[in-house]
Amino acid sequence: MPILALSNVSKRFGALTVADAVSFELRQGEALGIIGPNGAGKSTLFNLITGNIAADAGTIVFDGRDVTKLPPMQRCLAGVGRSFQIPQPFEKLTVFENLLVAGAFGAKKTEAEVGDRCAEILVETGLIGRANHPAGGLSLLQRKRLELARALATEPRLLLLDEIAGGLTEDECGMLVDTIRTIHRAGMSIIWIEHVLHALNSVVERLLVLNFGKIIGMGTPDAVMASREVREIYLGIEV
Amino acid sequence: MTDLTLTRWKVETRTKASSAFAIVAALIILLALAAPLYLSRSVLQDLFFILTLLVLAQNWNLLAGYAGLVSVGQQAFVGFGAYAMFALVILGGFDPLAAILLAGIASALLAIPTAFFLFRLQGAYFAIGSWVIAEVVRLALAQWKMLGGGTGTSLPREATRDMPALKLIGELFGVKSSGAGDILTYWLALLLAIATIGLVYRLLRSKQGLGLAAVRDNQEAARSVGVDARRMKTLVYLAAAFGTGLCGALIYVQKARISPDAAFSVIDWTAYVIFIVVIGGIGTIEGPIVGVIVFYILQNLLADYGSWYLLILGLIGIVIMLFAPRGLWGLFAERTGIQLFPVRRRLIGGPVPVAKKGGPHG
Ligand SMILES: Nc1ncnc2c1ncn2[C@@H]1O[C@H](COP(=O)(O)OP(=O)(O)OP(=O)(O)O)[C@@H](O)[C@H]1O
Ligand SMILES: [Mg+2]
């Protein structure tokens, strides 16, 4: 059984179609990359999966359960963890407290039960040195790491990552890829939106290409990158 | 830095200042409890006034400072609690003490339908809606002829004089029933203030308090990490209605005379309260305590200036908001790092380089 299955999911903002009968399945433990030009509807697709935006049509099944109508909180409890493209930290809380909230509520445990795990995640994501600082004082890079760390703290079974590698140096990007690969090897199902293709392709098993809310290609990274349509669209935005 | 040693992680909220303060607070409470032994009636009445304002301020702070629910209609619950108490005593023959508690419950019940209406509104509309509700409740109660309609009514003297608690206090302190009444209401206000601060502090230190802080900072993100933002806000709204209604009933047991205009006064029960919270420091427990003291001093200093009083109060409020947006306590805490009611969960131990280890200030 796939961990996530979308069938004919559609969403319009006024005249703009941002999801056009999107259907795909994600296998348990699979890592899927999503690429596409700016404004293609990638982040919107995440918001549809997490419930932050309600779908106009179609169904979303997570782990065998129809979650199409559920609010974001319920989907998080069901096991969907997400990062926001524009980081949304709890600014007045410390970095550690940001994770503590996510752990205590997202994983339905007591603060005492999740404290150690939150500390470990901070070590894994390189934020431990900032643990007791207010999240509002973090740099953009640290905020992106916090997005990843906080999503992990909810103990998700599906991790949605939205452009967390943009703007990183080569070394930082390498470290991030290592972190995500480790998480993935431990069995986590992941969907990762990223413009940094080499980072993405070194982790994911399949790529999904989105353009104007439509899936225009799906398959192994090599096969997708070889397709003419994808090359044209990508060349289109690369210049 | 990333090698995990065997040292365990520990989470702590206590600070040195807070441990010392706990002792001081216990002493203050003891002194305050014994106050009727060494303070005059008029001072007790002043203290009653301060304590009840403090309770209202803590409730409003919980609502606006922690749950982000900026209500300008909390006088609805002061007035409703007061009227419920009057109705229970005059029409139901209840003991005023029991009536205070029941009035709190009645206010919480009133908050259920008003929450249903208000939670559909956002930001400024929420504030306006809360005020409209207060007006509606006031107009409705002003129709209640048995409680004096628009002109109001008084508590029958027997009802307050014959309270068993009063007799006991009267004998104990050797005072007449009016003096005993002041002692009793003072003690109740003190108890209510301590209980309110204690409960708010407990809430903030609990998991729910952490969730509330997350909702305040970023509701969208809070929902995405599994926090039920709506439920959290509703519970705070109901709790604040209970505390505010209870306090309203207590205030009017002491006043013993009620009218719709006084009981639903937006100036007395909301504007002053907001002033107190804002100048003291919103979103902290210490803030309203500092605020109420400053307010009381100002009120006494400005008592002779008649209608200029409100204007000057407003100006001071604006100046403080401009130069100390987080209030007087916020300013002080920022400079000194002192927190008397710490809620921060600090991660210590483990392989972290501990921040201020060995520093002169520890
Ligand atoms: N809440 C909204 N209301 C109206 N339009 C929206 C809303 N959210 C997104 N859009 C529009 O929908 C389109 C798709 O946005 P989306 O954020 O999903 O794109 P994206 O593929 O993530 O782009 P990027 O690579 O720049 O992040 C854009 O044109 C955007 O302006
Ligand atoms: Mg996007």
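All figures in this text were calculated on a predicted structure; none of them were measured in a lab. (Residues numbered from 1 in each chain as written. Chains lettered and ligands numbered in written order. Predicted model: local features only at pLDDT ≥ 70, side-chain atom pairs only at ≥ 80, totals over all residues. Heavy atoms only, no water.)

Participant: So what exactly am I meant to see when it comes to the domain arrangement of chain A here?
Facilitator: For an interface, size is often stated in terms of accessible area lost upon the parts coming together. All names here are of chain A. For chain A, the assigned domains are domain 1 (1-79 + 158-239) and domain 2 (83-156). For domain 1 versus domain 2, the separation of C-alpha centres amounts to 22 Å. Across the boundary between the two partners, domain 1 contributes 19 residues, which contact 15 residues of domain 2. Around 1500 Å² of area is buried between domain 1 and domain 2 when both sides are counted, 64% of it from carbon and sulfur atoms. Remark: the boundary between domain 1 and domain 2 carries five residue pairs in polar contact (both at pLDDT 80 or more). At the level of secondary structure, the elements contributing two or more residues to the side of domain 1 that touches domain 2 comprise helix 2 (72-78), strand 7 (158-162) and helix 6 (170-185). By residue number, the principal contributor to the side of domain 1 that touches domain 2 is strand 7, which donates five residues. For the side of domain 1 that touches domain 2, the residue count by class is 11 nonpolar, five polar and three charged. (Domains from an automatic or database assignment. Contact = heavy atoms within 4.5 Å. Buried area = accessible area lost by both parts, 1.4 Å probe. Polar contact = N/O pair within 3.5 Å; in protein donor to acceptor, adjacent residues only side chain to side chain. Helix = DSSP H or I, 4+ residues; strand = E, 2+ residues; numbered from the N terminus. Nonpolar A, V, L, I, M, F, W, Y, C, P; charged D, E, K, R; others polar.)

Participant: Explanation requested: the packing of helix 14 (residues 266-280) of chain B against helix 17 (residues 327-336) of chain B in the structure shown.
Facilitator: Residues and elements named next belong to chain B. Across the interface, helix 14 lies against helix 17 with an axial gap of 3 Å and an inter-helix angle of 15 degrees. As summarised for this structure, helix 14 and helix 17 are arranged roughly parallel, according to the angle between their axes. Here Val 278, Ile 279 and Gly 280 of helix 14 lie close against helix 17, whose contacting residues are Gly 327, Leu 328, Trp 329 and Gly 330. A per-class count over the contact of helix 14 with helix 17 returns four nonpolar, three polar and no charged. (Axes fitted to C-alpha atoms, helices over the stretch in contact; angles between N-to-C directions. Parallel < 35°, antiparallel > 145°, perpendicular 65-115°, else oblique.)

Participant: Where do I start with the interface of chain A and chain B in this structure?
Facilitator: The interface is formed by 36 residues belonging to chain A together with 32 residues belonging to chain B. Summed over both sides, the interface between chain A and chain B buries roughly 3000 Å², with carbon and sulfur atoms accounting for 65% of that surface. Linking chain A with chain B are two salt bridges, by the criterion used here. Run the count over chain A and chain B and you get 16 residue pairs in polar contact (both at pLDDT 80 or more). When residues of the side of chain A that touches chain B are traced back to their parent elements, those giving at least two are helix 2, helix 3 (95-106) and helix 4 (111-124) of chain A. Broken down by element, the side of chain A that touches chain B gets its largest block of residues, eight residues, from helix 3 of chain A. When the residues that make up the side of chain A that touches chain B are grouped by side-chain class, the tally is 20 nonpolar, seven polar and nine charged. (Salt bridge = Lys/Arg side-chain N within 4 Å of Asp/Glu carboxyl O.)

Participant: Just to check I follow, could you spell out a nonpolar patch on the surface for this structure?
Facilitator: Residue and element names in this part refer to chain B. A grouping of Tyr 125, Ile 128, Trp 131, Val 132, Val 136, Val 266, Ile 267 and Leu 310 is seen on the molecular surface, where their side chains present a nonpolar patch of about 720 Å² in accessible area. Of all elements in the fold, only helix 6 (123-141) and helix 14 reach the threshold of two or more residues within the nonpolar patch. Counting residues per element, the nonpolar patch draws most heavily on helix 6, at five residues. Checked against the element boundaries, Val 132 lands in helix 6. (Patch = residues over 30% accessible without salt bridge, like charges linked within 9 Å, V, L, I, M, F, W, Y side chains within 5 Å. Areas by Shrake-Rupley, 256 points an atom, 1.4 Å probe, with all protein chains shown as cover.)

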